[in-house]
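Structural overview for review
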Amino acid sequence: MGRWRDGRSTLRIGGTGGGSAGPPGAGEASLSEVPSAGQGSSRSRAPGPAIPVEIATSYRARTRGLLGRDGIEGALLLTPASGVHTFRMRFPIDVAYLDRRLRVIAVRTMKPGRLGLPRLRARHVLETEAGAMARWGLRPGTEVEIG
């Protein structure tokens, strides 16, 4: 699996993992190598629109997360992470728990001041403003692409 760094990239919902991403650059992230077994099925579809995503890999960036913000343009990817909280947050958020292959395990909406239970299979957590994931069509079983 490729290594991500703190920075910005793009998120695509419902991707098939068909594109190859180059090595990570300064402030960029690359998509880890995603196995292509079974991806040529009739269920696969073209990736959706590019959504800006901030990537938080360092302890400091993951700890800060969305705290102290009034909103977010796009999404925030916390990695590695298996759970989140919304203490001291100013707005409700949607949370998607992703496995190591960037497949959505669960999606939850959390109000400020809540503690989300960690998901054992989750390796990454995607956060955004409440309602955005429903608009994007993000639900359990959906694959996402970063990069």
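Everything numeric in this text was worked out from a predicted model, so none of it was measured.

1. Focus: the pattern of salt bridges
If you walk through the whole model with that rule in mind, you get four salt bridges. The residue Glu54 makes a salt bridge to Arg69 at a minimum N-O spacing of 2.9 Å. Of the two residues, Glu54 is situated in strand E2 (residues 51-56) and Arg69 in the loop between helix H1 (59-64) and strand E3 (75-78); the sequence distance between them amounts to 15 residues. Glu54 gets classed as buried once you look at its relative accessible area, which sits at 15%. Taking the relative accessible area as the measure of exposure, Arg69 reaches 18% and is therefore buried. Residue Glu143 is joined to Arg103 by a salt bridge in which the shortest nitrogen-to-oxygen separation is 3.1 Å. Of this pair, Glu143 sits in the loop between helix H2 (132-136) and strand E7 (144-146) while Arg103 is found in the loop between strand E4 (93-98) and strand E5 (104-110), placing the two residues 40 residues apart along the sequence. With a relative accessible area of 17%, Glu143 lands in the buried category. Within this structure, Arg8, Glu54 and Arg69 form a network of salt bridges that share partners.

The rules behind the values
- Residues numbered from 1 in each chain as written.
- Predicted model: local features only at pLDDT ≥ 70, side-chain atom pairs only at ≥ 80, totals over all residues.
- Heavy atoms only, no water.
- Salt bridge = Lys/Arg side-chain N within 4 Å of Asp/Glu carboxyl O.
- Helix = DSSP H or I, 4+ residues; strand = E, 2+ residues; numbered from the N terminus.
- Buried < 20%, exposed > 50% of the residue type's maximum accessible area, 1.4 Å probe, protein only.

Keep in mind that these numbers describe shape and distance, not what the molecule does.
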